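Residues per chain are reported as follows:
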Amino acid sequence: QVQLVESGGGLVQAGGSLRLSCAASGRTFSRYAMGWFRQAPGKERQFVAAITWYGGNTYYADSVKGRFTISRDNAKNTVYLQMNSLKPEDTAVYYCAAPDSAYSLSLSENEYDYWGQGTQVTVSS
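Residues numbered from 1 in each chain as written. Predicted model: local features only at pLDDT ≥ 70, side-chain atom pairs only at ≥ 80, totals over all residues. Heavy atoms only, no water.

### Here we look at the state of the cysteines
Now for step 1: Tallying each qualifying case throughout the model produces one disulfide.
Now for step 2: A sulfur-sulfur separation of 2.0 Å characterises the disulfide bridge that pairs Cys22 with Cys96. Disulfide Cys22 to Cys96: torsion about the S-S bond roughly 45°, handedness right-handed. Taken together, the residues span a long stretch of sequence, with Cys22 in strand β3 (residues 18-25) and Cys96 in strand β9 (residues 92-98) at a distance of 74 residues. (Disulfide = S-S within 2.5 Å. Helix = DSSP H or I, 4+ residues; strand = E, 2+ residues; numbered from the N terminus.)

### Some points on the pairing of strand β4 (residues 34-39)
One face of the sheet, then the other: side chains in a regular strand alternate in exactly this way.
Now for step 1: Where burial is concerned, most of β4 is hidden: five out of the six residues are buried.
Now for step 2: Relative to strand β5 (residues 46-51), β4 runs antiparallel, the two sharing five bridges. For Met34, the partnering residue across the bridge sits in β5 and is Ile51.
Now for step 3: Following β4, the chain reverses through six residues before pairing antiparallel with β5; Gly42 in that reversal takes a positive phi of roughly 75°.
Now for step 4: Here β4 runs beside β9; their pairing, made up of five bridges, is antiparallel. (Buried < 20%, exposed > 50% of the residue type's maximum accessible area, 1.4 Å probe, protein only. Pairing = 2+ DSSP bridges.)

### Concerning the environment of Leu107
Now for step 1: Tracing the backbone shows Leu107 in the loop between β9 and β10 (114-115).
Now for step 2: Given a relative accessible area of 41%, Leu107 falls into the partly exposed group.
Now for step 3: Separated by 31 residues in the primary sequence, Leu107 and Lys76 have C-alpha atoms spaced 24 Å apart.
Now for step 4: Leaving out residues up to four positions away in the same chain, Leu107 has contacts with Phe37, Phe47, Ala50 and Tyr59. (Contact = heavy atoms within 4.5 Å.)

### Quick word on the pairing of strand β7 (residues 68-73)
Now for step 1: The side-chain alternation of β7 yields one buried face, formed by Phe68, Ile70 and Arg72, and one unburied face, formed by Thr69, Ser71 and Asp73.
Now for step 2: If you look at the hairpin formed by β7 and strand β8 (residues 78-83), you'll find four residues sitting between the two strands, and Asn77 has a positive phi there, around 55°.

### Focus on the nonpolar core
Now for step 1: The biggest cluster of nonpolar side chains holds 34 residues, and the ones touching the most others in it are Trp36, Leu81, Met83 and Tyr94.
Now for step 2: Among the secondary structure elements, those contributing two or more residues to this core are β3, β4, β5, β7, β8, β9 and β11 (119-124).
Now for step 3: In this view, Met83 contacts Gly16, Ser17, Leu18, Leu20, Arg67, Phe68, Tyr94 and Val121; residues no more than four positions away in its chain are not counted. (Core = buried A, V, L, I, M, F, W, Y, C linked by side-chain atoms within 4.5 Å.)

### Examining the environment of Val48
Now for step 1: Along the chain, the position of Val48 falls in strand β5.
Now for step 2: Among the residues examined, Val48 registers a relative accessible area of 1% and is labelled buried.
Now for step 3: Residues Val48 and Leu107, spaced 59 residues apart in sequence, show a C-alpha to C-alpha distance of 8.7 Å.

Now the structure itself:
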């Protein structure tokens, strides 16, 4: 049974930084791409970043490019999202997600089958 547990959210002032972590369990972590998504109040969930199973390729939404960095440590079964230069519009619940298929990466939430419980990020102005 795949489990994803996020941590690291909180309240930060605009311009600040946070690092989110997502610990995975239940299968061989290094075979699967991972993604981060977010959902702001009253809005649909949107793609933030994704990383291939070996960590060699990363992808970002235009709104976070240059400010956020996704990375992974396969030895620790953990994926990270380093968020710098945070803006009030980054306020949302952040979710990590994983697909059911190995060696496959997608930027669409429809292709992700496993989701964490979410962690709240609030950026004050």
